[in-house]
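Understanding the architecture of this molecule
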Number of protein chains: 2
Amino acid sequence: MAAPVPGGFFGARFSLYPLTDGFVPVILRAIEGLASSGLEVQTDDVSTFLGGDRDAVFGALAESFTAAARTGVHVVMPVLLSHGCPGEEVCEMPDDQPHPPGAAKRKLARAGVRVSAQWSLYPLGDPAYMTRIEEAIARGKSDRVHVAGRHFVSHLAGDLADVLTSVRGSFDAACERVGHVTAHLVISANSPSTAGHGG
Amino acid sequence: MAAPVPGGFFGARFSLYPLTDGFVPVILRAIEGLASSGLEVQTDDVSTFLGGDRDAVFGALAESFTAAARTGVHVVMPVLLSHGCPGEEVCEMPDDQPHPPGAAKRKLARAGVRVSAQWSLYPLGDPAYMTRIEEAIARGKSDRVHVAGRHFVSHLAGDLADVLTSVRGSFDAACERVGHVTAHLVISANSPSTAGHGG
């Protein structure tokens, strides 16, 4: 039997898309802190994987997006969160039981970046997955970041820190109950389509 | 009891991100065909929902991305595919049974657009979901678009039509077995990071 995974294997995969001709320097400056984050970082031509401590991963996502958004250009960041199975094909979970991640030890600071976001939560292998999803939507509403339900996603808006904190809260709550959980999130700021009402 | 859904409710949610200062006209030109596609189209500030015939949805995704990629700018398209539940919170499936979508009636034509892509498949509520995922990865390999397994995703590359056709094949195969299936895909073309080896 494999050794238990403390808190469960956790990681994120993200990409930063600044919609400008000068996207390369915006991206490089936004992610320059990753090297000293203590996280496992693997970059390929489509996205970057971050593995390690949950607080550090959410901190790195917030810092990278904030740096890119502060340039003022329209910037978008798709994020995949995953808890449980590290691999692609082979699920290396030591068992099918939940590995509760515990409470966040670090709070994300508000940095004044307004975002518009859409996200979906996928508790896998659980026949009661819709109950977990309903709980996540209720949390978005009580956290006051839920704007609307849309086909397949919840639409959130607010300060980046509030949106990420709510998404993490729902994600971690699902991990308390389910061994393998993923979530997909798209975060947008400075969009000309949302001038005045969100990201 | 609600009426059965022929083929199962199906739709896609996508965004187009051309990484250029002139992103607005590139996007508008890329999606101008949607109005006459016969699909249900709902656009918000983060993404666009397409609902309706599977052949038409995949055709619209391919045409939109091709038009944007042909400008030569680095362009990225995140896509969420969903079969089964139309809503956010309330799953309006008439039952928990699969609603097989049947075979594709239209083949996507190769348009010479090389892409690099990452995707994940989520058969929901199914304890055997890892088996479905393994089948999808095997299909990517036999379709010769699978480049590598990465944390949480499969990395694909090839002609846009071949990549989308393989993803659809795996998605539809999962829908034959599972009532509610989603998938997330990020497609990239003209990236300076992949010059010479993919998208």
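Heads up: the structure comes first, above all this text.
Sequence order as written defines the numbering, with residues in each chain counted from 1. By the order in which they are written, chains take letters starting at A while ligands take numbers starting at 1. Selection of residues for local features in this predicted model requires a pLDDT of at least 70, selection of side-chain atom pairs for listing and counting requires 80 or more, and totals for whole chains, interfaces and linings are taken over all residues. Excluding hydrogens and water, the side-chain values take into account all heavy atoms of the structure.

**Observations concerning the overall build of chain A**
- Helix and strand content of chain A: four helices and nine strands.
- Numbering of helices and strands runs from the N terminus; a helix is a DSSP stretch of H or I covering at least four residues, while a strand is a stretch of E covering at least two. Reading the helices (α) and strands (β) of chain A from amino to carboxyl end gives β-β-α-β-β-α-β-β-α-β-β-α-β.
- Summary of the burial criterion: residues with accessible area below 20% of their type's maximum are buried, those above 50% are exposed, and those between are partly exposed, where the area comes from a 1.4 Å probe applied to protein chains only. Taken across its 199 residues, chain A has 60% of its residues classed as buried.
- A contact between two residues is defined here by any heavy atoms of the two lying within 4.5 Å. Looking at chain A alone, contacts between residues at least 24 apart form 75% of all its contacts between residues at least 6 apart.
- Areas reported here follow the Shrake-Rupley algorithm with a probe of radius 1.4 Å; residue values treat only the protein chains shown as occluding. Element-wise, carbon and sulfur atoms account for 52% of the exposed surface of chain A, whose accessible area totals about 8000 Å².

**Quick word on the interface of chain B and chain A**
- Each side of the interface is counted separately: chain B has 64 residues, and chain A has 65 residues.
- Throughout, the accessible surface (probe 1.4 Å) given up by two parts as they are put together, summed over both, is called the buried area. A buried area of about 5000 Å², summed over both sides, lies between chain B and chain A, and 64% of it is on carbon and sulfur atoms.
- A side-chain nitrogen of Lys or Arg and a carboxyl oxygen of Asp or Glu constitute a salt bridge if their distance falls within 4 Å. Linking chain B with chain A are two salt bridges.
- Measuring nitrogen to oxygen at the nearest pair gives 3.2 Å for the salt bridge that ties aspartate 44 of chain B to arginine 150 of chain A.
- The definition of a polar contact used here is a pair of N or O atoms within 3.5 Å, where within protein one atom must be able to donate a hydrogen and the other to accept one, and adjacent residues in sequence count solely through side-chain atom pairs. For the interface between chain B and chain A, the tally reads 18 residue pairs in polar contact (both at pLDDT 80 or more).

**A look at unusual backbone geometry**
- Of note, asparagine 190 of chain A is a non-glycine position whose phi angle comes to about 60 degrees, a positive value.
- Even without being glycine, phenylalanine 152 of chain B reaches a positive phi, approximately 75 degrees.
- Secondary-structure assignment places phenylalanine 152 of chain B in the loop between strand S7 (146–150) and strand S8 (153–159).

**A few points about the environment of glycine 22 of chain B**
Residue and element names in this part refer to chain B.
- Relative to the helices and strands, glycine 22 resides in the loop between strand S2 (17–18) and helix H1 (23–30).
- Its relative accessible area of 29% is what places glycine 22 among the partly exposed residues.
- In the structure, glycine 22 is positioned 158 residues away from histidine 180 in sequence and 38 Å away in space, judged by C-alpha atoms.

**Things to note about the packing of helix H3 (residues 129–142) of chain B against helix H4 (residues 160–177) of chain B**
Residues and elements named next belong to chain B.
- To get an axis, a line is fitted to the C-alpha atoms, and for a helix only the part in contact is used. The angle between two axes follows their N-to-C directions and goes from 0 to 180 degrees. Where H3 contacts H4, the two axes come as close as 9 Å, and the packing angle between them is 155 degrees. Considering the angle they form, H3 stands roughly antiparallel to H4. Note that H3 runs across H4; the crossing there is right-handed. Contacts from Arg132, Glu135, Ala136, Arg139 and Gly140 of H3 reach H4 at Ser166, Gly169, Ser170, Ala173 and Arg177.
- Just so you know the grouping, Ala, Val, Leu, Ile, Met, Phe, Trp, Tyr, Cys and Pro go in nonpolar, Asp, Glu, Lys and Arg go in charged, and all remaining residues, Gly too, go in polar. Within the contact of H3 with H4, the residues separate by chemical class into two nonpolar, four polar and four charged. By definition in this entry, angles of less than 35 degrees are roughly parallel, angles greater than 145 are roughly antiparallel, angles of 65 to 115 are roughly perpendicular, and the rest are oblique. Helix crossings get a hand from a simple test, with the near helix turned counterclockwise from the far one by less than a right angle marking a left-handed crossing and a clockwise turn marking a right-handed one.

**A look at the pattern of salt bridges**
- One pass over the full model with this rule turns up 18 salt bridges over all chains.
- One salt bridge in this structure joins lysine 105 of chain A and aspartate 55 of chain A, with 3.6 Å as the shortest N-O distance. Highlighted residues: lysine 105 of chain A in the loop between strand S5 (75–83) and strand S6 (114–123) and aspartate 55 of chain A in helix H2 (residues 54–69), separated in sequence by 50 residues.
- The class of lysine 105 of chain A is exposed, set by a relative accessible area of 69%.
- Of the residues examined, aspartate 55 of chain A reaches a relative accessible area of 5% and is grouped as buried.
- Here aspartate 55 of chain B and arginine 168 of chain B are joined by a salt bridge, their closest N and O atoms 2.8 Å apart. Taken together, the residues span a long stretch of sequence, with aspartate 55 of chain B in helix H2 (residues 54–69) and arginine 168 of chain B in helix H4 at a distance of 113 residues. Each of the two residues, aspartate 55 of chain B as well as arginine 168 of chain B, counts as buried.
- One network of salt bridges, with partners in common, ties together Arg54, Asp55, Lys105, Arg168 and Asp172 of chain A.

**Looking at the environment of isoleucine 27 of chain B**
- In this fold, isoleucine 27 of chain B is placed in helix H1.
- The contacts of isoleucine 27 of chain B, once residues within four sequence positions are left out, are Leu16 and Pro18 of chain B.

**Looking at the pairing of strand S1 (residues 10–14) of chain A**
Residues and elements named next belong to chain A.
- With five of its five residues buried, S1 lies for the most part within the structure.
- In short, DSSP must find at least two bridges between two strands for them to pair. In the sheet, S1 pairs with S5 via five bridges, with the strands oriented antiparallel. Residue pairing across strands places phenylalanine 14 opposite valine 79, the latter belonging to S5.

**Description of the environment of leucine 108 of chain B**
- Residue position: leucine 108 of chain B is located in the loop between strand S5 (75–83) and strand S6 (114–123).
- Considered as a pair, leucine 108 of chain B and alanine 161 of chain B are 53 residues apart in the sequence and their alpha carbons are 5.5 Å apart.

**Things to note about helix H1 (residues 23–30) of chain A**
Residues and elements named next belong to chain A.
- Among all positions of H1, only Phe23, Val26 and Ala30 are buried. Projected onto a plane normal to the axis of H1, the buried residues spread over an arc of 65 degrees and lie on a single side. Opposite the packed face of H1, turned more than 90 degrees from it, sit the exposed residues Leu28 and Arg29.
- The inward-facing, buried residues of H1 abut strand S2 (17–18) and H2. What the arc covers is the set of directions going from the helix axis to the C-beta atoms.

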